[in-house]
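# Structural overview
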Amino acid sequence: MYSRLLPRSAARSALQAQNQTPHLIRASPVTAQVSERIRQRRGYATPAEERDLVIIGGGVAGYVAAIKAGQEGLKVACIEKRGSLGGTCLNVGCIPSKSLLNNSHLYHQILHDTKNRGIDVGDVKLNLANMMKAKETSVSSLTKGIEFLFKKNNVEYIKGTGAFADEHTVAVRLQDGSETSVRGKNILIATGSESTPFPGLTIDEKKVITSTGAIALEKVPKKMVVVGGGIIGLEMGSVWCRLGAEVTVVEFLGQIGGPGMDAEISKNIQKTLAKQGMKFMLNTKVVKGDDGAEIVKLDVEAAKGGKAQTLEADVVLVAIGRRPYTANLGLENIGLETDNRGRLVIDSEYRTKLPHIRVIGDCTFGPMLAHKAEEEAVAVIEFITKNYGHVNYGAIPSVMYTHPEVAWVGQNEAELKEAGVKYKVGTFPFSANSRAKTNQDSDGMVKFLADAETDRILGVHIVGPNAGEMIAEGTLALEYGASTEDVGRTSHAHPTLAEAFKEAAMATYGKAIHY
Amino acid sequence: MRSSRALWAQRQPLIKFLGKRHTPKAEEIDHAPHAHPASPSHELPESFASYRGRATQHGPLGGQQQQQQQSTPSQSTSSSRQGAPSGSAAAQTSKPYGAIGGHSGKQLGSVQPKQGEFWDRNELPRRFHRTRWTEAEMEALESGGASIVT
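Keep in mind that this is a model prediction, so the values were computed, not measured.

With that settled, consider the overall build of chain A. Within chain A one finds 17 helices and 21 strands. Viewed in the frame of its principal axes, chain A has a C-alpha envelope of about 90 × 60 × 50 Å. Contacts spanning at least 24 positions in sequence make up 62% of the contacts within chain A whose residues lie at least 6 apart. Surface accessibility of chain A: about 23,700 Å² in total, with carbon and sulfur atoms responsible for 50%. Separation of charge centres in chain A, based on 60 positive and 58 negative side chains, amounts to 5 Å.

With respect to the helices and strands, I513 of chain A occurs in the segment after helix 17 (498–509). In this structure the C-alpha to C-alpha distance between I513 of chain A and E503 of chain A, which are ten residues apart in sequence, comes to 7.0 Å.

With that settled, consider the sheet that holds strand 9 (residues 246–250) of chain A. Residue and element names in this part refer to chain A. With parallel pairing, the five strands of this open sheet are ordered in space as 7-14-8-9-10. Of all the strands in the sheet, the pair left with one neighbour each is strand 7 (208–209) and strand 10 (279–281). Sheet analysis places strand 8 (residues 223–227) next to strand 9, joined by five bridges and oriented parallel. Paired with M224 across the strands is V247, a residue of strand 9.

Moving on, we come to the pattern of salt bridges. Residue and element names in this part refer to chain A. According to the stated counting rule, one finds 22 salt bridges over all chains in the structure shown. Between R183 and E50 there is a salt bridge, with the nearest N and O atoms lying 3.7 Å from each other. Here R183, found in strand 5 (residues 179–189), pairs with E50, found in strand 1 (residues 50–56); they are 133 residues apart in sequence, far enough to count as distant. Judged by relative accessible area, which is 29%, R183 ranks as partly exposed. In this structure, E246 and K279 form a salt bridge, with 3.5 Å as the shortest nitrogen-oxygen distance. Of this pair, E246 sits in strand 9 while K279 is found in strand 10, placing the two residues 33 residues apart along the sequence. Judged by relative accessible area, which is 44%, K279 ranks as partly exposed. Sharing partners across several salt bridges, the network here consists of D262, E264, E413 and K447.

UniProt records the feature "domain: FAD/NAD(P)-binding" (unreviewed entry) for residues 52–377 of chain A in the present numbering. In residues 52–377 of chain A, the share of helix is 32% and the share of strand is 27%. The end C-alpha atoms are 16 Å apart.

All names here are of chain A. Across six bridges, the pairing between strand 11 (residues 284–290) and strand 12 (residues 296–302) is antiparallel. In the strand pairing of strand 12, V286 is matched with V300. In textbook terms, the turn of a hairpin is the stretch between consecutive antiparallel strands, and for strand 11 and strand 12 this stretch comprises five residues.

Right, let's talk about the packing of aromatic side chains for a bit. Residues and elements named next belong to chain A. Evaluation of the coordinates by the stated rule reveals four aromatic pairs over all chains. Ring geometry for F428 versus Y515: centroids 6.1 Å apart, planes at 75°, classification edge-to-face. On the criterion of sequence distance, the pair formed by F428 in strand 19 (residues 423–429) and Y515 in the segment after helix 17 is long-range, its members being 87 residues apart. On the basis of relative accessible area, Y515 is assigned to the exposed category, the value being 65%. Geometrically, the ring pair formed by F448 and F501 is edge-to-face, given 4.9 Å between the ring centres and 65° between the ring planes. Here the residue F448 occupies a position in strand 20 (residues 445–451), and F501 occupies one in helix 17, the gap between them amounting to 53 residues. The class for F501 is buried, based on a relative accessible area of 0%.

So, how was this worked out
Residues numbered from 1 in each chain as written. Chains lettered and ligands numbered in written order. Predicted model: local features only at pLDDT ≥ 70, side-chain atom pairs only at ≥ 80, totals over all residues. Heavy atoms only, no water. Helix = DSSP H or I, 4+ residues; strand = E, 2+ residues; numbered from the N terminus. Contact = heavy atoms within 4.5 Å. Areas by Shrake-Rupley, 256 points an atom, 1.4 Å probe, with all protein chains shown as cover. Lys, Arg positive; Asp, Glu negative; His and termini not counted. Charge placed at Lys NZ, Arg CZ, Asp CG, Glu CD. Pairing = 2+ DSSP bridges. Salt bridge = Lys/Arg side-chain N within 4 Å of Asp/Glu carboxyl O. Buried < 20%, exposed > 50% of the residue type's maximum accessible area, 1.4 Å probe, protein only. UniProt positions renumbered as here; feature names shortened; annotations may be inferred. Phe/Tyr/Trp six-rings, centres within 6.5 Å; stacked < 30°, edge-to-face > 60°.

Structure follows, in structure tokens:
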């Protein structure tokens, strides 16, 4: 058995070493290799070698931190229980949903938006199984890509479930059923989040689903009710609406898109989504749910009390938010505490009260966004290796990948009013943008909010085609403390959608040319 | 050209190049715990301060160590005179925590193993018990590994 593991010459050199000087036997790598094999075979418990960094969680926060740590020369191990890296984002979140959003948009466009473009299309049919296969192909290629990056950057990938045994040791239940433990000088918790369940409804991911079930339905439901009109609810509602479901969104607040979305932008996108066939019930709360029969029944009424009614659906998507996931992490073994919303409490350098244990991503403070987690992952490794790191929480963009897309960064009008900041507004509609017109895709607008005195940009809000890409320019401007004049005086290529961005900036400090 | 220059002189762009990136020195950075910028309460729980107060098993934490040295200079000089190791090791030896005999038996509590603790390997599940040596392994060890490479 061992002949395959060691070359024949290995034994000779080991013996030669023994004959010459006893000192060399201890130092010889061959001897060490042999004794290691014997030790493994005997199955003795051996003291775990201490890593510079042990990361619990191989999601966006964890894997980015692991790669960065490897690049910085740390000896790093990353523990992931899912069996594939990338966490919620790559496996059941951002990536698969974007695949479905893109392909369902193409299907919808081919069905409804080709005649005016001079394209006559024959019989168009949906092949849902193939659409799901395309999604799975994208996901698997990306997750395998991360495994490759782990190998490239010398990251040890441990497939199993980690829990704190003590302050420096993580006990791991491996996927093959065995157990091991890893010790780390530093430990990073990046365990992410999970969908918040709705009281009274049992999530079975078939009839009552979360975002995880919404990307894996086997057939297009006839009627779908989305509980929660935030980003996840609207994106997944859009997918199934385009594929033929009758979608009703029930939202407790008076606007869709969540509280961060600017009210004017929210109204704009609601109008556009309504044109696409989605129905909205705002200021409405779900009182009770009954998922016992094949059809799920939801009793809803006005949020401030009022007329009640019962909604029926084949599928109910619960999208009322996400909560930090720290279950079975053994936090009680080391005395780490969470706040009233289950978030692990950290300081400005991501340290818990035990300074060598740090936390990043969804399971701690800040918005639950993959790109925020990525920023934190880089910063936390810099804190460990270089003593400084930085994340600007005031300049983290948010994007909703409906069609048209919605994107924003910085503050919205309601927040500025509440803070008592004097501001000015500049807007530019895509209907006045040459490229949007030629694309026959001109719903939406760009909106700038700037300080009334200094002209410094305070917020950028976009609803329109390619908003998710365009917001990068707004984020850069905000990060660098630019004025709207700085953006307005910067040349933007013609004809591009980005010209709408420039013109909205011009409209803030002066006047737009084309509107 | 001139008109552009004139216009540029009037306008004060907010974006300015700040120069080459400055890397702060370790002593320039304050590592004392501060509330996370995204923390809703904007304050740290009491446990952070109390943990730092108690933390001794890996040596005093950075800031605390400096504070100790500043507040008790006579103590540190006397230990260095006796040839004790400097830094965190010195601070550790000056305290009874962790040292044998540093606590009374009553303070240490019951001698019975806690749940999950075992005195003997044989009390553990069978897979952790000592496995028997085989003749082949013994031979391999004695021959320096040569007998297993055949």
